[in-house]
Amino acid sequence: KFTKSFYICTMYWKLFITFAKIGAFTIGGGYAMIPLIQEEVVKKNGWMNNDEFLEALTISQTAPGLLAVNISIFIGYKLKGNLGSIVATLGSALPSFLMILLIAMLFSNYQDNPTINAIFKGIRPAVVALILVPMVNLIKQAKPNAVGIGIAVLSLVAIAFLNISPIYIILCVAIGATIYSLVFNKRRVK
């Protein structure tokens with residue numbers, strides 16, 4: 001009984017530490033966290049395979065809220081149910097919260113400092129790369145077909161150039177995919 005309890009506690013601790021490490025050492029937000037989360041969840045710990053991770057990422061992106069928090073909830077729940085989702089979410093959010101709190105307390109007097117402003121301007125291009133690299137890797141892993149590429153390009157044009165809200169794009173794609181699935185499944189059944 002002790003061994004089982006010890007294993008359960010270490011699993012929760014490992015879940016917390018894994019997401020705390022991701023939350024503490026990622027600059028650039030949720031999308032910059034994707035390669036780190038994938039490295040930890042798929043490669044190091046084997047909690048999911050690549051296909052499961054892509055599905056979890058897709059669900060996490062479409063759900064309201066922060067990507068890192070959403071994916072930590074999903075992975076924590078998959079591994080250890082409700083308590084696992086709470087532990088993973090705390091691990092993901094707590095380091096960032098504490099760092100922002102510390103920065104707010106210590107650096108509020110330096111917000112107009114030219115050196116601090118220059119540092120943040122220098123970090124911006126690196127953050128763009130941190131976001132762009134996982135997107136390219138996800139596209140490679142997803143291996144989209146021509147329809148998927150077409151939807152992605154049309155969505156990009158609609159959002160970037162026509163200023164259409166991503167919410168409408170998601171709704172249209174979800175409705176279209178549902179209709180396609182219903183029609184395709186009916187044809188396959190006959």
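Computed from a predicted structure; not experimentally measured.

Asker: I'm lost on the overall build of the protein chain in this one. Help?
Answerer: When helices and strands are counted, the protein chain shows seven helices and zero strands. If you list the helices and strands of the protein chain from N to C, you get α-α-α-α-α-α-α. Dimensions of the protein chain, computed from C-alpha atoms along their principal axes, come out at roughly 65 × 60 × 25 Å. Burial analysis of the protein chain (190 residues in total) assigns 25% to the buried set. The contacts in the protein chain between residues at least 6 apart in sequence include a share of 56% that link residues at least 24 apart. Working note: accessible area of the protein chain is about 13,300 Å², and carbon and sulfur atoms make up 71% of it. Measuring between centres, the 16 positive side-chain charges of the protein chain sit 7 Å from its 6 negative side-chain charges.

Asker: Could you clarify how one ought to interpret the pattern of salt bridges in this entry?
Answerer: Should the charged atoms of two oppositely charged side chains come close, the side chains can pair. One pass over the full model with this rule turns up three salt bridges. Lysine 43 is the salt-bridge partner of glutamate 39, the closest N and O atoms lying 3.9 Å from each other. Residue glutamate 39 and its partner lysine 43 are both found in helix 2 (residues 30-44); the two are separated by four residues, about one turn of the helix. Taking relative accessible area as the criterion, glutamate 39 reaches 32% and is therefore assigned partly exposed. Lysine 44 is paired through a salt bridge with glutamate 40; the nearest N and O atoms lie 3.3 Å apart. Taken together, the positions of lysine 44 and glutamate 40, both in helix 2 and four residues apart, correspond to about one turn of that helix. Residue lysine 44 is classed as exposed on the basis of its relative accessible area, which comes to 51%. Taken together, the shared-partner salt bridges in this structure form one network comprising Lys21, Glu40 and Lys44.

The rules behind the values
Residues numbered from 1 in each chain as written. Predicted model: local features only at pLDDT ≥ 70, side-chain atom pairs only at ≥ 80, totals over all residues. Heavy atoms only, no water. Helix = DSSP H or I, 4+ residues; strand = E, 2+ residues; numbered from the N terminus. Buried < 20%, exposed > 50% of the residue type's maximum accessible area, 1.4 Å probe, protein only. Contact = heavy atoms within 4.5 Å. Areas by Shrake-Rupley, 256 points an atom, 1.4 Å probe, with all protein chains shown as cover. Lys, Arg positive; Asp, Glu negative; His and termini not counted. Charge placed at Lys NZ, Arg CZ, Asp CG, Glu CD. Salt bridge = Lys/Arg side-chain N within 4 Å of Asp/Glu carboxyl O.

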